[in-house]
Amino acid sequence: PENLLLDKTGRIKVADFGIAKMLGAANGGSTAESAAPDNATKSALGTPGYSAPEQTANPQRVDSRADIYSLGIVFYEMLTGELPGKRIEPPSKKVQVDVRLDAVVLRALEQTPELRWQTAADLRTQVETIVTALQTGAVVPNIGPGAPPDLNTMRLKSVIWGFLLASGCLEI
């Protein structure tokens with residue numbers, strides 16, 4: 001969250017998502033000395049608590065999917081108000097949100113990069129599907145009876161739009 005900045009007009013500015021890709025290019029990308037992808041880094045970087053497992057375990061293996069993991073942490077925190085624990089519970093088990101978001105968040109938080117969303121575009125497509133369902137008035141299960149339906153829908157839309165803005169999937 002400290003890397004998501006608001007400007008004077010309230011627009012979100014992302015300070016360092018994409019670090020893996022930028023540093024991979026700065027380090028020469030794929031050279032004869034490395035079989036790592038073009039956007040792999042040579043050393044561990046990232047904000048503790050938001051870093052993908054491979055960033056500390058195997059920094060040479062880090063690629064853009066580490067950013068998707070970090071984005072999943074931010075999304076989880078936006079939905080629940082807390083960081084995920086060692087055993088990650090679906091957000092809908094902690095707060096009253098649409099259960100369709102569970103699959104999106106949990107896939108972004110997969111420990112193994114190959115099981116995560118492979119691109120931000122893939123993730124965006126799934127989130128846009130949920131947003132479209134909300135905009136067309138489709139029934140949104142499990143938002144809960146605690147607040148008026150309009151307030152719950154507005155809260156869910158705010159989190160989804162914030163997620164899209166933070167991920168760079170949506171431009172203003």
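Because the structure is predicted, anything quoted here is derived from the model rather than measured.

Draft legend 1. Examining the overall build of the protein more closely. Summing up its helical and strand segments, the protein has seven helices and two strands in all. Reading the helices (α) and strands (β) of the protein from amino to carboxyl end gives β-β-α-α-α-α-α-α-α. Per-residue burial for the protein yields a buried fraction of 37% across its 172 residues. Of all intrachain contacts in the protein linking residues separated by at least 6 positions in sequence, the fraction that spans at least 24 positions is 51%. Roughly 9,400 Å² of accessible area belongs to the protein as shown, and the carbon and sulfur atoms make up 55% of that amount.

Draft legend 2. Focus on the nonpolar core. Counting 24 residues, the largest nonpolar core has Val-104 and Leu-123 as the members making the most contacts within it. Looking at this core, the elements that each hand over two or more residues are α3 (65–80), α5 (100–108) and α6 (120–135). Broken down by element, this core gets its largest block of residues, eight residues, from α3. When near neighbours in sequence (up to four residues on either side) are disregarded, Val-104 contacts Phe-75, Trp-117, Leu-123, Gln-126, Val-127 and Ile-130.

Draft legend 3. Representation of the packing of aromatic side chains within the structure. Overall, the coordinates contain zero aromatic pairs when judged by the stated rule. Just above the ring of Trp-117 sits the side chain of Arg-107; from NZ or CZ to the centre is 4.1 Å.

Draft legend 4. Here's a closer look at the side chain of Ser-92. Residue placement: Ser-92 occurs in helix α4 (residues 91–94). Among the residues examined, Ser-92 registers a relative accessible area of 16% and is labelled buried. A polar contact of 2.4 Å, which involves the side chain of Ser-92, links it to the side chain of Asp-102.

Draft legend 5. Examining the packing of α3 against α5 more closely. Between α3 and α5, the least distance of the axes is 7 Å, while the angle of their chain directions is 140°. It follows from the interaxial angle that α3 and α5 lie oblique. With respect to the hand of their crossing, α3 and α5 are arranged in left-handed fashion. Residue-level contacts link Ile-68, Tyr-69, Gly-72, Phe-75, Tyr-76 and Leu-79 of α3 to Leu-101, Val-104, Val-105 and Ala-108 of α5.

Draft legend 6. Fine view of the side chain of Asp-63. Relative to the assigned elements, Asp-63 resides in the loop between α2 (53–57) and α3. Classification of Asp-63 by relative accessible area gives buried; the value is 8%. Separated by 2.7 Å, the side chains of Asp-63 and Arg-65 make a polar contact.

Draft legend 7. Structural view of α3. The terminal C-alpha atoms of α3 lie 22 Å apart, and with 16 residues this matches the ideal 22 Å at 1.5 Å per residue to within 8%. Where α3 ends, the next residue or the one after it, Gly-81, has phi of about 85°, a positive value.

Draft legend 8. Region of the structure containing α6. In this model α6 runs 22 Å from its N-terminal to its C-terminal C-alpha over 16 residues, within 8% of the 22 Å that 1.5 Å per residue would give. If you check which residues of α6 are buried, you get Leu-123, Val-127, Ile-130, Val-131, Ala-133 and Leu-134. For α6, the angular spread of the buried residues around the axis is 160°, confining them to a single face.

Draft legend 9. Quick look at the confidence of the model for the protein. Per-chain confidence: the protein averages 73 in pLDDT, with 60% of residues scoring 70 or above. Mean pLDDT across the elements of the protein ranges from a minimum in helix α1 (residues 19–26), with 48, to a maximum in α5, with 93. Low pLDDT, under 50, characterises residues 23–36; the stretch is placed with 15 contacts to residues that sit more than four places away or in other chains. Within the model, the stretch residues 140–149 combines pLDDT values under 50 with 23 contacts to residues more than four positions away or in other chains.

Rules used throughout
- Residues numbered from 1 in each chain as written.
- Predicted model: local features only at pLDDT ≥ 70, side-chain atom pairs only at ≥ 80, totals over all residues.
- Heavy atoms only, no water.
- Helix = DSSP H or I, 4+ residues; strand = E, 2+ residues; numbered from the N terminus.
- Buried < 20%, exposed > 50% of the residue type's maximum accessible area, 1.4 Å probe, protein only.
- Contact = heavy atoms within 4.5 Å.
- Areas by Shrake-Rupley, 256 points an atom, 1.4 Å probe, with all protein chains shown as cover.
- Core = buried A, V, L, I, M, F, W, Y, C linked by side-chain atoms within 4.5 Å.
- Phe/Tyr/Trp six-rings, centres within 6.5 Å; stacked < 30°, edge-to-face > 60°.
- Lys NZ or Arg CZ within 6 Å of the ring centre and 35° of its normal.
- Polar contact = N/O pair within 3.5 Å; in protein donor to acceptor, adjacent residues only side chain to side chain.
- Axes fitted to C-alpha atoms, helices over the stretch in contact; angles between N-to-C directions.
- Parallel < 35°, antiparallel > 145°, perpendicular 65-115°, else oblique.
- Left-handed = near helix turned anticlockwise from the far one by under 90°.
- Expected span 1.5 Å × (residues − 1).
- Arc of directions from axis to C-beta.
- pLDDT = per-residue confidence, 0-100.

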